[in-house]
Amino acid sequence: MRITKAQRVEGTVRVPGDKSISHRAVMLGALAEGKTTIRGFLPGADCLSTIECFRRMGVTIEREGDLVTVYGKGWYGLEEPRQRLDVGNSGTTIRLMTGIIATQPFHAVLEGDESIAKRPMRRVVGPLREMGAKIDGRQNGEYTPLAIRGGKLHGISYRSPVASAQVKSAILLAGLQAEGTTSVEEPYLSRDHTERMLQAFGIDVQRAGNRVSVSGGQTLRGREIVVPGDISSAAFLIAAVMMVPGSSLVIEQVGINPTRSGIIDVVRAMGGHVEIVNERLVNEEPVADLHVAHAELRGTVIEGELIPRLIDEIPVIAVMAAVAQGRTIIRDAQELKVKETDRIATVASQLAKFGAKVTPTDDGMIIEGGAALVGAEIDSMGDHRIGMAMAIAGLAAEGETTIANAEAINVSFPGFANLLRQITR
Ligand code: S3P
């Protein structure tokens, strides 16, 4: 992918469907009684992996573009897969499916790509074992491939050391078929799409602060799900507006769930303009149009409860911080080290190529703003969000920027390069 300095970013656009919600719609649809129709599904590689895994367990799933129909056969309608289930690059697929398969009366092996092979799994394997599941993997269940022998589980009360929606969701999904009540408490509230969608599918979910509980033996009912645009994809376009003076953009139908909207808070704290217009609720999820206008940004501090609300946006926030006035400090973000790449290391190494001043730390990074960026030869390192964040940096850099391994972007944002061309001049 090649990017040159932009004069202006403008237009009215939509971004592809939310990745987290698309995964969950397929999973809950597969476990539900009856048909589930999903509109606005994200046809990115990660969510296609989820579809493929459920097809291999005997679920009929039809797809035409962003319209998906799942013919659910109920919680015990899944079949033992004859082959290993390949999750590709998708952490959400493997972690949530581990929770689901732990309840099934069969055996399955889950694995993915080189990046998945390096990502920690004991954070879900540990609590699922406490519930009675039999799961093995390299290094005592820390790494893939994971071999699962599902069966009868019992509810637990789990206090998670990390604010992770994948951990929370895996345990809650297992809890839906466990004996008794299962509850998860996390240090900060992570994205709550599972809780909201379970309610939309007719499940009773109890929530109090950072604690959520479900009781076993409940039935999901198939329904229609409309997936909003992914705020994590919109974040790249918001940043594009902030990188190029004189720019403005309308992004329609974006999910603005408060557990995901930290990017809006941060851009505003940095001095940027983001207006939330036409807010409404679609299947329990808040959705709105975003009116975004350029402003000179200033540095900020990002920490604590804000981190899980924008964890996937930190690469592109670092890009904005590089041109903002003053210093930006990001801390409490150790989780970045176990994403698709070690995003503390990959952001620092790739952004430095533009002439940005980034110092990696143990739990985040410090960025000295005010850099005049110069075009660079970037490598996505196989990480979709690194590829896109660096493409956005390229819009403000003198000369040409190239992104190697840009195909990784298809994981979450198919059509990214075209959309960027469409809104830049
Ligand atoms: C996701 C949860 C987050 C996020 C990931 C998607 C989800 O991961 O980074 O992109 O859909 O549940 P963690 O649960 O590891 O924080």
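Predicted model only: the values in this text are computed from it and were never measured.

Participant: Hey, could you run me through the pairing of strand β7 (residues 107-111) in this one?
Facilitator: The two faces of the sheet receive side chains in turn, since in a regular strand these alternate between them. Where strand β6 (residues 85-86) lies against β7, two bridges are found, and the strand directions are parallel. Across the sheet, residue D86 finds its bridge partner in β7, namely E111. Where the polypeptide runs from β6 across helix α3 (residues 91-101) and back to β7, its parallel neighbour, the crossover connection is right-handed. With four bridges connecting them, β7 and strand β9 (residues 143-149) associate as antiparallel partners. Its bridge partner being in β9, L110 is matched across the sheet by L146.

Participant: Would you mind going over the sheet that holds strand β23 (residues 400-404) with me for this structure?
Facilitator: Within a sheet, adjacent strands bond to each other through the backbone by hydrogen bonds, running parallel or antiparallel. Strand order in this open sheet of three strands is β1-β23-β22, and the pairing throughout is mixed. Of all the strands in the sheet, the pair left with one neighbour each is β1 (2-4) and β22 (377-379). The sheet shows a mean angle of 25° between the axes of neighbouring strands, direction not considered. Examined bridge by bridge, β22 and β23 share three bridges and lie parallel to one another. Bridge pairing in β23 links D379 to A404. Packing of helix α12 (residues 384-394) onto the sheet brings it into contact with β1, β22 and β23, and relative to β23 it is tilted by some 175°.

Participant: Teacher, can you tell me more about the packing of α3 against helix α6 (residues 165-175) here?
Facilitator: Helix packing geometry: the angle between the two helix axes and the distance between the axes. Contact geometry of α3 with α6 gives a least axis separation of 7 Å together with a crossing angle of 25°. Between α3 and α6, the interaxial angle falls into the category roughly parallel. Considering how the two elements wind past one another, α3 and α6 form a crossing that is right-handed. Residues G91, T92, R95, L96, G99 and I100 of α3 form the contact with α6, whose participating residues are Q166, S169, A170, L173 and A174.

Participant: I tried to follow the site of the ligand on my own but got confused; where do I start?
Facilitator: By nearness alone, every residue bordering the ligand is listed as K19, S20, R24, T92, R95, S164, A165, Q166, R191, I311, D312 and K339. Contact between the ligand and S20: an oxygen atom at 2.7 Å from a side-chain N or O atom of the residue. One nitrogen or oxygen atom from the side chain of D312 is found 2.7 Å from an oxygen atom belonging to the ligand. Broken down by element, the residue count for the shell around the ligand peaks at three residues, all from helix α1 (residues 19-31). Split by residue class, the shell around the ligand holds two nonpolar, four polar and six charged.

Participant: How do you make sense of the packing of aromatic side chains when you look at a structure like this?
Facilitator: Within a pair of aromatic rings, the relevant descriptors are the distance that separates the centres and the angle that separates the planes. The tally for this structure, following the rule as stated, stands at two aromatic pairs. Judged by centre distance (6.3 Å) and plane angle (75°), the rings of F236 and F416 are edge-to-face. Within this pair, whereas F236 is found in helix α8 (residues 231-243), its partner F416 is found in helix α13 (residues 416-423), the two being separated by 180 residues in sequence. F236 gets classed as buried once you look at its relative accessible area, which sits at 1%. Taking the relative accessible area as the measure of exposure, F416 reaches 2% and is therefore buried. An aromatic cluster is present here, built from F236, F413 and F416 joined pairwise through their rings.

Participant: What is the right way to look at the pattern of salt bridges in this model?
Facilitator: A side chain with one charge may pair with a side chain of the opposite charge, provided their charged atoms come close. Counting across every chain of the model gives 28 salt bridges. Measuring nitrogen to oxygen at the nearest pair gives 3.0 Å for the salt bridge that ties E252 to R14. Here E252, found in strand β15 (residues 248-255), pairs with R14, found in strand β2 (residues 10-14); they are 238 residues apart in sequence, far enough to count as distant. Taken together, the shared-partner salt bridges connect R191, D312, E340, R343, D383 and R385 into one network.

Participant: What is the right way to look at the sheet that holds strand β13 (residues 211-215) in this model?
Facilitator: One open sheet accounts for four strands, arranged β10-β11-β13-β12; its pairing is mixed. For this open sheet the edge positions go to β10 (157-159) and β12 (205-208), each flanked by a neighbour on one side alone. Neighbour-to-neighbour, the strand axes of this sheet turn through a mean angle of 15°, independent of strand direction. Note: strand β11 (residues 181-185) against β13, five bridges, orientation antiparallel. Across the sheet, T182 pairs through a bridge with V214, a residue of β13. Contacts from helix α7 (residues 193-200) reach β12 and β13 within the one sheet, and its direction differs from that of β12 by about 140°.

Participant: I'm lost on the nonpolar core in this one. Help?
Facilitator: One recurring pattern in soluble globular proteins is that nonpolar side chains are buried together. Counting residues in hydrophobic clusters, the biggest one holds 79 residues, and the most contacted among them are I251, M320, L351 and I392. Looking at which element gives the most residues to this core, the answer is α8, with 11 residues. The contacts of I251, once residues within four sequence positions are left out, are V13, V15, A234, L237, I238, A288, D289, L290 and V292. By size, the runner-up hydrophobic cluster in this structure holds 66 residues, among which are V26, V70, A102 and I116.

Participant: Can you help me understand the environment of A117 in this one?
Facilitator: Position of A117 among the secondary structure elements: in the loop between β7 and α4 (122-130). Once the C-alpha coordinates of A117 and T144 are considered, the two residues, 27 residues apart in sequence, prove to be 5.4 Å apart. Discounting residues that sit within four places of it in the chain, A117 has contacts with R138, Y143 and T144.

Participant: Would you explain α7 in this entry?
Facilitator: The periodicity of an α-helix, 3.6 residues per turn, causes residues three or four positions apart to be oriented the same way. Counting buried positions along α7 gives seven out of eight residues, so the element sits mostly inside the fold. Packed against the buried residues of α7 are α1, α6, β12, β13, β14 (224-226) and β17 (285-293). Immediately beyond the C-terminal end of α7, within one or two residues, lies G202, with a positive phi of roughly 95°.

The rules behind each value
Residues numbered from 1 in each chain as written. Predicted model: local features only at pLDDT ≥ 70, side-chain atom pairs only at ≥ 80, totals over all residues. Heavy atoms only, no water. Pairing = 2+ DSSP bridges. Helix = DSSP H or I, 4+ residues; strand = E, 2+ residues; numbered from the N terminus. Right-handed = clockwise from strand over helix to strand, strands pointing away. Axes fitted to C-alpha atoms, helices over the stretch in contact; angles between N-to-C directions. Contact = heavy atoms within 4.5 Å. Parallel < 35°, antiparallel > 145°, perpendicular 65-115°, else oblique. Left-handed = near helix turned anticlockwise from the far one by under 90°. Near = heavy atom within 4 Å. Polar contact = N/O pair within 3.5 Å; in protein donor to acceptor, adjacent residues only side chain to side chain. Nonpolar A, V, L, I, M, F, W, Y, C, P; charged D, E, K, R; others polar. Phe/Tyr/Trp six-rings, centres within 6.5 Å; stacked < 30°, edge-to-face > 60°. Buried < 20%, exposed > 50% of the residue type's maximum accessible area, 1.4 Å probe, protein only. Salt bridge = Lys/Arg side-chain N within 4 Å of Asp/Glu carboxyl O. Core = buried A, V, L, I, M, F, W, Y, C linked by side-chain atoms within 4.5 Å.

Any link to function would need more than the numbers given here.
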